[in-house]
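Structural description and commentary
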Amino acid sequence: MTESSALVDVIFWVGAIAAIGASVMVVAARDVLKSAVFLAASFLAVGGIYVLLRAEFLAAVQVLIYVGAVSILIIFTIMMVRQIAGGNRSAGPFYVVTGAIAATLVSLAVIYAAYNTDWSDLDAAAASDQRVEAALTGSYASQPAPGNPKVDIIVAPATAAANSHPGVFERSTGNLGQLFIRDYVLAFEIISLVLLAALIGALVLARERRPT
Amino acid sequence: MNLENVLLVSAVIFGIGLFGVLTRRNVIVVLMSIELMFNAVNLAAIAFARFTVPYSLAGGPVSVTSDAVRQVLTGQAFAVFVIGVAAAEVTLGLALAMAIFRRRETVEVTDLTTARG
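Residues numbered from 1 in each chain as written. Chains lettered and ligands numbered in written order. Predicted model: local features only at pLDDT ≥ 70, side-chain atom pairs only at ≥ 80, totals over all residues. Heavy atoms only, no water.

Helix and strand content of chain B: four helices and zero strands. The secondary structure elements of chain B, listed N-terminal to C-terminal, are α-α-α-α. Over its C-alpha atoms chain B spans a radius of gyration of 20 Å, topping by over 25% the 13 Å that the globule rule assigns to 117 residues. When the backbone C-alpha atoms are referred to their principal axes, chain B occupies close to 65 × 25 × 20 Å. (Helix = DSSP H or I, 4+ residues; strand = E, 2+ residues; numbered from the N terminus. Rg over C-alpha atoms; globule rule 2.2 N^0.38 Å.)

In terms of regular secondary structure, chain A is built from seven helices and three strands. Overall, chain A shows an N-to-C arrangement of helices and strands of α-α-α-α-α-β-β-β-α-α. Residue burial in chain A is summarised as follows: out of 212 residues, 36% are buried. Relative to all contacts within chain A whose residues are 6 or more apart in sequence, the contacts with residues 24 or more apart total 50%. (Buried < 20%, exposed > 50% of the residue type's maximum accessible area, 1.4 Å probe, protein only. Contact = heavy atoms within 4.5 Å.)

Moving on to the packing of aromatic side chains. All names here are of chain A. Summed over the entire model, instances satisfying the criterion amount to six aromatic pairs over all chains. Where Phe94 meets Tyr95, the ring centres are 5.6 Å apart and the plane angle is 75°; that geometry is what we call edge-to-face. Judged by relative accessible area, which is 58%, Phe94 ranks as exposed. Accessibility expressed as a relative area gives 41% for Tyr95, which makes it partly exposed. (Phe/Tyr/Trp six-rings, centres within 6.5 Å; stacked < 30°, edge-to-face > 60°.)

Turning to a nonpolar patch on the surface, a few remarks are in order. Residues and elements named next belong to chain A. The grouping of Leu193, Leu196, Leu199, Ile200 and Val204 at the surface amounts to a nonpolar patch, some 480 Å² of accessible area in total. Mapped onto the elements, Leu196 comes out in helix 7 (residues 185-206). When its relative accessible area of 45% is taken as the criterion, Leu196 is described as partly exposed. (Patch = residues over 30% accessible without salt bridge, like charges linked within 9 Å, V, L, I, M, F, W, Y side chains within 5 Å. Areas by Shrake-Rupley, 256 points an atom, 1.4 Å probe, with all protein chains shown as cover. Salt bridge = Lys/Arg side-chain N within 4 Å of Asp/Glu carboxyl O.)

Position of Thr77 of chain A relative to the elements: it lies in helix 3 (residues 56-80). With a relative accessible area of 5%, Thr77 of chain A lands in the buried category. Within the structure, Thr77 of chain A has its side chain in polar contact with the backbone oxygen of Leu73 of chain A (distance 2.7 Å). In this structure Thr77 of chain A touches Ile28, Leu94 and Met98 of chain B, once residues within four positions along its chain are discounted. (Polar contact = N/O pair within 3.5 Å; in protein donor to acceptor, adjacent residues only side chain to side chain.)

Tallying the contact residues gives 101 residues for chain A and 86 residues for chain B. Across the interface of chain A and chain B, roughly 8600 Å² is buried in total on both sides, 73% from carbon and sulfur atoms. Of all residues in chain A, the largest losses of buried area upon contact with chain B belong to Val27, Leu53 and Leu122 of chain A, amounting jointly to 8% of the total for that side. There are zero salt bridges connecting chain A and chain B. At the surface where chain A touches chain B, the tally comes to eight residue pairs in polar contact (both at pLDDT 80 or more). If you list the elements that add at least two residues to the side of chain A that touches chain B, you get helix 1 (6-28), helix 2 (32-52), helix 3, helix 4 (93-116), helix 5 (130-137), strand 2 (148-157), helix 6 (172-182) and helix 7 of chain A. Broken down by class, the residue content of the side of chain A that touches chain B amounts to 69 nonpolar, 17 polar and 15 charged. (Buried area = accessible area lost by both parts, 1.4 Å probe. Nonpolar A, V, L, I, M, F, W, Y, C, P; charged D, E, K, R; others polar.)

Rendered as structure tokens:
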């Protein structure tokens, strides 16, 4: 499926080039503090691409958590531990050569797989099923399934305003929330435990140990 | 913008992050490179959520339920969990870097070759 609009294409490539350029500067900048600022810029550019991909909630999360919390935490740490800001030295020519070869090979493998895979059997547009397309990006009408009133069956692209719902991507935040409290509720609870454990662990590790 | 182009951008950012992890000596820069790789994976997951549908919906399904349609957003849910784990990881990593710096006066990975405090 392609998003065929010249404007969307231009915005996507501007965001992509900004993200890639900022990522290069994260690794290449001499000053660690500059790396951190370029990291925030890279996160912002990727967040813009999220909006184009119809993931509005994730774009907001990206700005709040990555730009607002992670980058600021890294910058604070750099400022508190002065020596870190000193230099961003490379590990030596041997590591640079092997690292460049490994990174290039991994990237090329992914790119080769992306361009040589036939995605058409998973493509909503190529499925040429009006119901699926309407349920994704249009609006649809639904009715209870015969015999099982808990299951909603999508009948057709909505014509009447009475019984129509916006498609999944038209209301992605609400549908994502339903996914969290229905399908992935266990993972959702576990991630909150993980965050609590990380919070306590960080407190224990970073605490100043006074000599007794 | 199509799936291939977004995957291209994602793969390039992942490669840059991998290069940074393998070649930089500063712990903080290594952590930042890992964040770049997480970001690239999130980008790929969201692109798959946008441009592909599950097998149950592809190729003219018999019945389309709203529960099945909602599964299309699984890629976005995946990205939210990755962001949560990445936040926990960077918090612990930075706390470790500070603790190591306080004890050993260095943050370069080439100097940190022993697990003994």
